[in-house]
Amino acid sequence: MSILTEEKIKECKIIFDLIDKDKDAKINSEELGPALRVCGASPSQQELDMLIDNSNLITFEKFIDIYEKLINNQDSEDDIINELKKLDKNGTGNITVNDLKNLLLNFGEVLTKEEIDDVIQEANADKSGNINIEKFAKILLGKV
């Protein structure tokens, strides 16, 4: 049984079909990451490599299976907020731009300077360089 709503499955099917340029009901492994990102997942290359099982061609059913696994593994908003609060030394509900940069440089997948700058810009720091933790968690989860 799918954890996705019927509407979300239809949305993913439309995206899958658009990416399936030769209309053989399969996409190749290189198209998988972009298709998943358009659907709302944010897999790392390492996650993709683990999930495709050396398959070069992915059917829609396999695509949905991979998408559901990624969605199940994504951190919840509360988890993200709790982790970011560890950086909130003053208990203000904010972290600094420098704290966020250090986190991005030392956590998970290696990001380029441009990617880090994009995240910082999207974090929408206030004039004093502070980022609201709860708003930033919503941004990360695509809720804003």
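The structure presented is a predicted model; accordingly, all values stated were derived computationally and were not measured.

Colleague: Before we move on, could you go through the overall build of the protein chain and cite the residues and values that matter?
Modeller: Of regular secondary structure, the protein chain possesses 8 helices and 4 strands. A burial count over the protein chain gives 32% of its 144 residues as buried. When the accessible surface of the protein chain is summed, it comes to about 9700 Å², and 50% of that surface belongs to carbon and sulfur atoms. Averaged over its 18 positive side-chain charges, the protein chain has a centre that lies 3 Å from the centre of its 30 negative ones.

Colleague: Before we move on, could you go through the nonpolar core and cite the residues and values that matter?
Modeller: In globular proteins that are soluble, nonpolar side chains generally tend to be buried together. Ranked by size, the top nonpolar core spans 21 residues in total, and within it Cys12, Ile27, Leu32, Leu36, Phe63, Ile66 and Tyr67 carry the most contacts. Mapped onto this core, the elements with two or more residues apiece are helix 1 (6–19), helix 2 (29–39), helix 3 (45–51) and helix 4 (60–73). In terms of residues, this core owes the most to one element, helix 4, which gives 6 residues. In this structure Ile66 touches Leu32, Leu36, Leu51 and Ile52, once residues within four positions along its chain are discounted. Among the nonpolar cores identified, the runner-up in size contains 14 residues, and Leu100, Ala123, Ile133 and Ala137 belong to it.

Colleague: Let's hear about the packing of helix 5 (residues 77–85) against helix 8 (residues 133–140): which residues, and what values?
Modeller: For the pair helix 5 and helix 8, interaxial distance at closest approach is 9 Å and the crossing angle is 135°. Classified by the angle their axes make, helix 5 and helix 8 are oblique. You can see that helix 5 and helix 8 cross each other, and the crossing is right-handed. Residue-level contacts link Glu77, Ile80, Ile81, Leu84 and Lys85 of helix 5 to Ile133, Glu134, Phe136, Ala137, Lys138 and Leu140 of helix 8.

Colleague: Describe the side chain of Asp99, with residues and values.
Modeller: Considering the arrangement of structural elements, one finds Asp99 in helix 6 (residues 97–106). Residue Asp99 is classed as buried on the basis of its relative accessible area of 15%. Here Lys89 takes part through its side chain, which lies 3.4 Å from a polar atom of the side chain of Asp99. Among all residues touching Asp99, those that are not within four sequence positions of it are Leu87 and Lys89.

Basis of the calculations
Residues numbered from 1 in each chain as written. Predicted model: local features only at pLDDT ≥ 70, side-chain atom pairs only at ≥ 80, totals over all residues. Heavy atoms only, no water. Helix = DSSP H or I, 4+ residues; strand = E, 2+ residues; numbered from the N terminus. Buried < 20%, exposed > 50% of the residue type's maximum accessible area, 1.4 Å probe, protein only. Areas by Shrake-Rupley, 256 points an atom, 1.4 Å probe, with all protein chains shown as cover. Lys, Arg positive; Asp, Glu negative; His and termini not counted. Charge placed at Lys NZ, Arg CZ, Asp CG, Glu CD. Core = buried A, V, L, I, M, F, W, Y, C linked by side-chain atoms within 4.5 Å. Contact = heavy atoms within 4.5 Å. Axes fitted to C-alpha atoms, helices over the stretch in contact; angles between N-to-C directions. Parallel < 35°, antiparallel > 145°, perpendicular 65-115°, else oblique. Left-handed = near helix turned anticlockwise from the far one by under 90°. Polar contact = N/O pair within 3.5 Å; in protein donor to acceptor, adjacent residues only side chain to side chain.

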